[in-house]
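Report on the structure
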Number of protein chains: 2
Amino acid sequence: MSVGLGSEAGKNKAHRDRETGTLGKLVSLLDLVALADGPMRFTDILSLSDQPRGTLHRQLSHLVNEGLLEVDRDGRYRIGLRLLALASRSWARNEFRAIAEPHLHRLQEVTGETVHLGVLRGAEVIYLDKVEGQQSVRMYSQVGNASPAYCTGVGKAALSALDDAELAKRIAGLEYRPYTEHTLRNASELLSDISQIRGRGYAFDLEEHENGICCVAAPIRSDDGHMLAGVSVTGPAYRVTHQTLQAWAPLAVVAADSIMMDMRNRMGPKR
Amino acid sequence: MSVGLGSEAGKNKAHRDRETGTLGKLVSLLDLVALADGPMRFTDILSLSDQPRGTLHRQLSHLVNEGLLEVDRDGRYRIGLRLLALASRSWARNEFRAIAEPHLHRLQEVTGETVHLGVLRGAEVIYLDKVEGQQSVRMYSQVGNASPAYCTGVGKAALSALDDAELAKRIAGLEYRPYTEHTLRNASELLSDISQIRGRGYAFDLEEHENGICCVAAPIRSDDGHMLAGVSVTGPAYRVTHQTLQAWAPLAVVAADSIMMDMRNRMGPKR
DNA sequence: CCGGGTAGTTCCGTTATTCGGAACATAATT
DNA sequence: AATTATGTTCCGAATAACGGAACTACCCGG
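Since this is a predicted model, take the numbers as computed values, not measurements. (Residues numbered from 1 in each chain as written. Chains lettered and ligands numbered in written order. Predicted model: local features only at pLDDT ≥ 70, side-chain atom pairs only at ≥ 80, totals over all residues. Heavy atoms only, no water.)

1. Overview of the confidence of the model for chain A
On average, residues of chain A score 87 in pLDDT, and 88% of them reach the 70 mark or higher. Taken as a whole, residues 1-17 of chain A scores under 50 in pLDDT and shows 2 contacts with residues more than four places along the chain or in a different chain. (pLDDT = per-residue confidence, 0-100. Contact = heavy atoms within 4.5 Å.)

2. Regarding the sheet that holds strand β3 (residues 76-79) of chain A
All names here are of chain A. If you trace the 3 strands from one edge of the open sheet to the other, you get β1-β3-β2, paired in antiparallel fashion. The sheet is open, and its two borders are formed by β1 (40-41) and β2 (69-71), each paired with just one other strand. By the bridge criterion, 3 bridges tie β2 to β3 in an arrangement that is antiparallel. Residue V71 lies in a different strand from β3, and its bridge partner there is Y77. Set on the sheet, helix α5 (residues 53-65) makes contact with β2 and β3; between it and β2 the angle comes to about 105 degrees. (Pairing = 2+ DSSP bridges. Helix = DSSP H or I, 4+ residues; strand = E, 2+ residues; numbered from the N terminus. Axes fitted to C-alpha atoms, helices over the stretch in contact; angles between N-to-C directions.)

3. Description of the protein's contact with DNA strand C
Surrounding DNA strand C, one finds 17 residues, the nearest of these being T43, R53 and H57 of chain A together with T55 and R58 of chain B. Expressed as a percentage, the sugar and phosphate content of the atoms of DNA strand C within 4 Å of the protein is 69%. Taking H57 of chain A, its side chain carries an N or O atom lying 2.9 Å from a phosphate oxygen of DNA strand C. Side-chain polar atom of Q59 of chain B to a phosphate oxygen of DNA strand C: 3.5 Å apart, as the coordinates give it. Elements with a contribution of two residues or more to the surface near DNA strand C: α3 (21-35), α4 (42-48) and α5 of chain A together with α3 (53-65) of chain B. (Near = heavy atom within 4 Å. Polar contact = N/O pair within 3.5 Å; in protein donor to acceptor, adjacent residues only side chain to side chain.)

4. Some remarks on the packing of helix α7 (residues 95-111) of chain A against helix α11 (residues 242-266) of chain A
Residues and elements named next belong to chain A. With their axes 9 Å apart at the nearest point, α7 and α11 run at an angle of 155 degrees to one another. Considered as vectors, α7 and α11 are oriented roughly antiparallel to each other. In this structure, α7 crosses over α11, and the sense of that crossing is right-handed. Two secondary-structure elements touch here, α7 through F96, I99, A100, H103, L104, L107, V110 and T111 and α11 through W248, L251, A252, A255, S258, I259, D262, M263 and R266. Of the residues contributing to the contact of α7 with α11, the split by class is 12 nonpolar, 3 polar and 2 charged. (Parallel < 35°, antiparallel > 145°, perpendicular 65-115°, else oblique. Left-handed = near helix turned anticlockwise from the far one by under 90°. Nonpolar A, V, L, I, M, F, W, Y, C, P; charged D, E, K, R; others polar.)

5. A word on the nonpolar core
Core analysis: the biggest nonpolar cluster contains 111 residues, and F96 and I220 of chain A together with F96 and I220 of chain B have the highest contact counts within it. Other than its neighbours up to four places away in sequence, F96 of chain A contacts L117, V119, L128, I220, M227, A229, I259 and M263 of chain A. (Core = buried A, V, L, I, M, F, W, Y, C linked by side-chain atoms within 4.5 Å. Buried < 20%, exposed > 50% of the residue type's maximum accessible area, 1.4 Å probe, protein only.)

Now the structure itself:
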């Protein structure tokens, strides 16, 4: 019988629907190392994970043996190259990305600004591809990054393609963190923005995620409606006025529609 | 200092001394799915892995729950996006890659051709970055891929920086697969090429790995000598003559040397 | 050179998870 | 409807992970 601290104790596990046993613990470790700002020593990891020393040591050894982590001779751990190889393969062979790619390039050439492709997953956007112009200032790789949907153009565009019930389900319990002073602050602001987006067919992000960064985005939905995504054109606020974004909007919509067309053709009309 | 790609020789995949228990089986599965040409159904995986059905099913479920695999409604498995997120972060923050990047871009601009950065690991080269003409960095196209060192410019350049003993150890038992009619066919051809490379300071790949593809490459070694890498300029044979490569060689060498200098400065003179 | 702290590794009895055969379910095919 | 191919769940047995504690290696100040 439990002692009566149940409500507090059970909290953590309530979050995780399914326990994944050993694997879950190991990928948490991977995450921990990957998200750190730099290489970590054994003790650093020890203090962040709540594992006993012996256990942690064995877990790290296993990860290293599999090439998922690497440890240098100073005993500092970092993500291993094997992960890079796996990820690169999955990226290169991703059908959706491959289909979208030429359209992204075309959009980049016409606008001269950075173009993103992202897919919706829950209430987050994961960026699948990015095409930059010459003049880009930030080489920060965005591919693979996840951002909240409510404060990104791609995310709001994708959300707008959901029906009301599904939308409500996804944004339930969302936390509206104010990244900038323009970030949407609650569900009603988001819903009102989304209804505007549905009306005009494209979404804006006016410095809502990052100060000085604006974008316009158009939604992409797969035929079966199971995958939602978006394509966006992004630029710095000092160079990109609201008028410019307005002018780009139809281009983004055309690109999104072309991608949908190509998907319909390439993935076959079956089903 | 330590660049993070500790390329400790020795343990090849051939000698899997230590079984890594559960994890090992799971990443084998990941590999299996990642290396396949397309999405796989349960039975496909079942026939390729020697696991019983119940076991395999649980393993796949765990991988899916952790986001390492994804399964669509038709029951087809593919690599999950979580891997992309893990790898992209570590790639973006890889110190060595970050330091080399501006030099790669400069080299690309001057030559107009594709530039590669690769690290040596055992007797293989793993590509860490690639800068192409026209467009921006095509991040994952080649990045993460592994190729034999003996038939690539970057690989031979990196090998040339080893001392004889270490070199012999690494290429012992190598299998010389003839990718093209110019591929080096045995250890003595490789050693003779490497002695030439040591003499002039850079390596050529004259259609040795792929027909119609040539490159010139210069070696990079970390101060402590534990990481070996190379930078190369690659172009199609019809456009790139031997003279052109000769002309690029000093540029590649300068780029490689600059990268080494930057490493020395940025990673601190300590140790 | 010593003593004491810190960092990392190994051991081994206990415990929890994985294993895998077999029964159960659910399409697809004839 | 019968049959086959395919995917899912169960549960006792086997095995791998757990984790406290003992051990080693190293660094640093005295």
